[in-house]
Structures are given as C-alpha cells and as structure tokens.
Amino acid sequence: MQENYVGEVMYYTFPEFEQHKEIVHAFSSREGGVSNGFFARMNMGVRTEDARENILENYEIFCETIGVDVRNVVIAPLSHEANIRNVTMQDAGSGLLRDYCCENTDGFLTNEPEVVLTATFADCVPLFYYDPKQKVVGIAHSGWRGTVKEIAAVMVQRMCDDYGSRPEDILVGIGPSIGMCCFEVDEDVFYEFADLTYLEDGWYFEKEDGKFEIDLWRVIWATLTNAGVPGENISVSGICTCCNRSKLFSHRATKGRRGTMAGMIMLRP
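Residues numbered from 1 in each chain as written. Predicted model: local features only at pLDDT ≥ 70, side-chain atom pairs only at ≥ 80, totals over all residues. Heavy atoms only, no water.

Q: Kindly report on the environment of Trp217, identifying the contributing residues and their values.
A: Among the structural elements, Trp217 can be located in helix 6 (residues 216-226). Along the primary structure Trp217 and Val125 are separated by 92 residues, whereas in three dimensions their C-alpha atoms are 8.0 Å apart. Those residues in contact with Trp217 that lie beyond four places of it in its chain are Ile174, Gly175, Ser177, Ile178, Gly179, Val236, Gly238, Ile239 and Cys240. (Helix = DSSP H or I, 4+ residues; strand = E, 2+ residues; numbered from the N terminus. Contact = heavy atoms within 4.5 Å.)

Structural data, given as structure tokens:
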C-alpha cells in the first residue's frame, strides 16, 4: 500500500485499486485527528471510550480528506464471525450519525453509489473488495475467528450470489493488520486453522515453547484463491500494525489501550 498525506492526515491506499477512478477507498492511520491520550489522534472507534465529539470530528476530517460524505457512512458492531450484510443509501449514516442498521456485522456489500462502507480495525485484517464488471464494492473485518470461518470466501460468494459477480473479476486488497511476526497463538487456536485443508506450507511457524506464529495474510490469500479469485487480483499490504504502533493502533501491542483505524470504500456517483 502507499502512504498518502493531506495536511496532517495520513492514509493508505492500494495502487491497484486507485487505477479504478470509479471508486474511493482508504485505510486510516493514527496521524491527523483530534483525540488525546492513547486514542491519539485519529481514533475512529465509535464504541471506544474516547469523547463522542472527538470521534465525530475525526470522521468529519477523514471523510473530507478522502472525498466522501460523512453523512453516508455505514458502520456496525462487529461479531468477529463471518456475518455479511448488503446495504443501500437507506442505511446511510447508520452507526455513526444514527442508530445502527444492523448488529453483529463483519462485512458490507453494495452496488449503490455514495454509500461509504466502513469497518474498524486494530490488528484484525481489513479486506477491500471491488468488482469492476458488476460495479460492486465491499469491506470485511477478518479477525482470526472470521479468518477461520473463511469470511474472505463468504464475501466472494455473496458477491456472486447477490450481484452476479464472477470470482475471476473480483479484486481484493488485504490491508494493514497484525503480521506473522507478532501473531502468536496457543495450540487450540492453531488447530482451528489447521482444519482448512487447502492451506499449503508456510502459513505457520511452530516455536520451541509449543506456541505457533500464524500468517493471516497467507491464510486469507489461500482462502481467496480456493474460492476462485486469481492470485494476481489480490494485493497484500505487508504492513504489520503491531510493528508500526507509532503510525497504527495495535490491540496486542498496547494490551487494549488504543483507538482504532477505519477502512472505507465507496462507489463514486
């Protein structure tokens, strides 16, 4: 991903997605914004204990920076599962400026312009989707549980079932999240991943103390290609949130004392 600077705000984009001028997408950093303390500064966590006025101002700043309407943001509480919802302009503003349109939602899809699909992250994996043929966009939050439940592939299947997409046309961006270097798990979690029989070598490293380091990016890549998305259609940021805590929020690095980043994607009108 590339870093973009507008004033004090820094955000990330995928060069492969930026070739398509009919969409807007971005992943926020800590830089910019008005929050203080361990929320500093661009905290986008609507359910954090940060001051409500700070969170709203951060959204206004960020949305203006990337050129989307804050009134059209759609966000929902996460379930850390693989729950997907299709949304429209009728849902605009929900979760930020009015009540949530839905609960326990880990991914959004839409084919309507100007709907700003939004999800928040602080180590979990952001997944950005775009089908340039059917003009469908999506965003998903892939925590380790969602990754095991193959949310990456569930999104692809929903795009095909609900919008007529074909896997070979879908572009996917795997955004900044905790890398294999920092994602250490116990044996019980490891064996949940091991049930994904299509995984090839290199997705984990067993340590001498019996713990495992897992490469979520490689697992998600395999899940997507197993679902029919060509490998050349998948972009991986390679940015570890835990290693880059000066620029990005990391739940693991701070033991939960942190804000969150936001991923956004929208079809232009």
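That was the structure; now back to the text.
Q: Explain the packing of aromatic side chains residue by residue, including any values.
A: Under the counting rule described, the total for this entry stands at 13 aromatic pairs. Centre to centre, the rings of Tyr11 and Phe62 are 6.1 Å apart; their planes meet at 90°, and the pair counts as edge-to-face. Linking Tyr11 in strand 2 (residues 9-13) with Phe62 in helix 2 (residues 52-66), this pair joins segments that are 51 residues apart in sequence. Among the residues examined, Phe62 registers a relative accessible area of 0% and is labelled buried. Taken together through their ring pairs, the aromatic side chains of Trp144, Phe190, Tyr191, Phe193, Trp203, Tyr204 and Phe212 make up a single cluster. (Phe/Tyr/Trp six-rings, centres within 6.5 Å; stacked < 30°, edge-to-face > 60°. Buried < 20%, exposed > 50% of the residue type's maximum accessible area, 1.4 Å probe, protein only.)

Q: Please give an account of the nonpolar core that cites residues and values.
A: Formed by 43 residues in total, the largest nonpolar core has its most connected members in Leu127, Tyr129, Ile174, Phe183, Phe193, Ile214 and Leu224. Contributing elements (two or more residues each) for this core: strand 8 (125-131), strand 9 (136-142), helix 3 (144-148), helix 4 (151-163), strand 10 (171-174), helix 5 (187-194), strand 13 (212-214) and helix 6. Of the residues forming this core, the biggest block, 7 residues, is contributed by helix 4. Not counting residues up to four positions away in its chain, the partners in contact with Ile214 are Met180, Phe183, Val185, Phe190, Phe193, Trp203, Tyr204 and Val219. Listed in part, the 28 residues of the second largest apolar core include Val115, Ala119, Ile139 and Leu248. (Core = buried A, V, L, I, M, F, W, Y, C linked by side-chain atoms within 4.5 Å.)

Q: I'd like to hear about the layout of surface pockets, residue by residue, with values.
A: Empty space within the largest pocket amounts to approximately 760 Å³. Along its surface, the largest pocket is lined by 36 residues, and Leu78, His80, Cys124, His141 and Arg258 are the ones closest to its centre. Contributing elements (two or more residues each) for the lining of the largest pocket: strand 6 (107-110), strand 7 (116-121), strand 9, helix 3 and helix 7 (251-254). When residues in the lining of the largest pocket are grouped by element, the largest group, 4 residues, is from strand 7. Taken together, the residues of the lining of the largest pocket break down into 16 nonpolar, 13 polar and 7 charged. By volume, the second largest pocket is sized at about 170 Å³. Taken together, Tyr11, Thr13, Phe17, Glu18, His20, Lys21, Ile23, Val24, His25, Ile66 and Arg268 form the lining of the second largest pocket. Elements with a contribution of two residues or more to the lining of the second largest pocket: strand 2, helix 1 (15-18) and strand 3 (23-28). The dominant element in the lining of the second largest pocket, judged by the number of residues it contributes, is strand 3, at 3 residues. (1 Å grid on protein atoms, 1.4 Å probe; cavity = no way out; pocket = protein on both sides within 12 Å on 5 of 7 lines; lining within 4 Å. Points joined across faces, edges and corners; volume = space filled by probe spheres on them. Nonpolar A, V, L, I, M, F, W, Y, C, P; charged D, E, K, R; others polar.)

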